[in-house]
Amino acid sequence: MVFVLNLENSCINLSLRLATCCRIDAEVAKLRKNLDAMRVSQKLSDEGPGNLPLETSNPTIEALKRAQAHIRICSRLEELLLKKRLLQYGDTPEVHAQKVDKLKVLSESLANSSVKAEKRISDARFQREEALKFRVTKETEVSVIEKVLPLRNHP
């Protein structure tokens, strides 16, 4: 039953990861189109006629705005690609930290259980040794008594 639940949980997680990857791919495609459009417009403006000296401040502001937009798109693209890589090849740092904490707890529990089991084994061994000593002692006493009794019956 637990196996089935784990399997269902894994399937749900996989479906969620695939859906997230599809959304990321769609947004990445959109951002790449925007970058391509920006490159084309940049080439067209570079090939156009030279600017007059009085108009240099306005195109410079426009160039800065374009550069800022380009940087924002590239940053978002990098963020999405990193997120996708984490989804495909491993856990997010938060999930990894949770798994590490869970493994630490399980490791401590296992260590405690093994110490308790070793103590129980040691106690059982000690009890068996004590029982064996008791039997040997009683057997020796019975043996001595059996030797003494026939001697008393035959005076």
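Note: the structure precedes this text.
The paragraphs below set out a description of the structure included in this document. (Residues numbered from 1 in each chain as written. Predicted model: local features only at pLDDT ≥ 70, side-chain atom pairs only at ≥ 80, totals over all residues. Heavy atoms only, no water.)

1. A few points about the side chain of K84
Relative to the assigned elements, K84 resides in helix 2 (residues 57-89). Those residues within four positions of K84 in sequence are excluded, and the remaining contacts are C21, I24 and D25. (Helix = DSSP H or I, 4+ residues; strand = E, 2+ residues; numbered from the N terminus. Contact = heavy atoms within 4.5 Å.)

2. Observations concerning the pattern of salt bridges
Within the structure shown, the criterion is met by seven salt bridges. Among the ionic pairs, K84 bridges to D25, the shortest N-O distance being 2.4 Å. Of this pair, K84 sits in helix 2 while D25 sits in helix 1 (residues 2-47), and the two are 59 residues apart along the sequence. A residue is classified by how much of its surface remains accessible, and D25, at 35% relative accessible area, is partly exposed. Between E130 and K133 there is a salt bridge, and its shortest N-O distance comes to 3.9 Å. Of this pair, E130 and K133 both sit in helix 3 (residues 93-153), three residues apart, roughly one helical turn. E130 sits in the partly exposed class, given a relative accessible area of 36%. A relative accessible area of 51% means that K133 is categorised as exposed. A single network of salt bridges, built from pairs that share partners, joins E27, R76 and E79. (Salt bridge = Lys/Arg side-chain N within 4 Å of Asp/Glu carboxyl O. Buried < 20%, exposed > 50% of the residue type's maximum accessible area, 1.4 Å probe, protein only.)

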